[in-house]
Amino acid sequence: MKRITPTDIINKDFKTVLRGYDAKAVDEFLDIIVRDYEEVLHENEQLKRELAKGGGATSSRREQVAVPDLSEYDEIIREMLARIDRLEKRVLR
């Protein structure tokens, strides 16, 4: 499954309609999502580097590092975009 990128979120285009959502509010919300998602991706890369550095340590000295499964965020963002898309289609009816 292809991972969604911050650029995918930024480039997502929503049509405007007479009684649609406030475009400014949607844009502001998507900006927040992009910032948070970029943070998560950056943190994930940092954790991967730290984990790779610690690869030579013995298991008795190695700290147990919980690496979160960030793929759940991809699915959440996809669901959010799908919901927005469905709502947009409802408004267009």
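Computed from a prediction, not measured in an experiment: that's the story for all the values here.

Asker: I'd love a proper account of the pattern of salt bridges, names of residues and values included.
Answerer: Applying the stated criterion to the full structure yields one salt bridge. Between K48 and E45 there is a salt bridge, with the nearest N and O atoms lying 3.7 Å from each other. Of this pair, K48 and E45 both sit in helix α2 (residues 23–53), three residues apart, roughly one helical turn.

Asker: Let's hear about α2: which residues, and what values?
Answerer: Compared with the 45 Å implied by 1.5 Å per residue over 31 residues, the 45 Å span of α2 between its first and last C-alpha is a close match. For α2, the set of buried residues is L30, I33, V34, Y37, V40 and N44.

Asker: Run through the environment of L87, naming residues and quoting values.
Answerer: With respect to the helices and strands, L87 occurs in helix α3 (residues 71–92). For L87, a relative accessible area of 31% puts it in the partly exposed group. Sequence separation between L87 and Y21 is 66 residues; the distance between their C-alpha atoms is 9.2 Å.

Asker: Can you break down the nonpolar core residue by residue, with the values?
Answerer: Counting nine residues, the largest nonpolar core consists of I4, I9, F14, L30, I33, V34, Y37, I77 and L81. Where this core is concerned, the elements lending two or more residues are α2 and α3. Ranked by residue count, the leading element in this core is α2, at four residues. Contact partners of L30, with chain neighbours within four places excluded, come to I9 and F14.

What counts, and at which threshold
- Residues numbered from 1 in each chain as written.
- Predicted model: local features only at pLDDT ≥ 70, side-chain atom pairs only at ≥ 80, totals over all residues.
- Heavy atoms only, no water.
- Salt bridge = Lys/Arg side-chain N within 4 Å of Asp/Glu carboxyl O.
- Helix = DSSP H or I, 4+ residues; strand = E, 2+ residues; numbered from the N terminus.
- Expected span 1.5 Å × (residues − 1).
- Buried < 20%, exposed > 50% of the residue type's maximum accessible area, 1.4 Å probe, protein only.
- Core = buried A, V, L, I, M, F, W, Y, C linked by side-chain atoms within 4.5 Å.
- Contact = heavy atoms within 4.5 Å.

As far as function goes, none of this settles anything; it's purely spatial.
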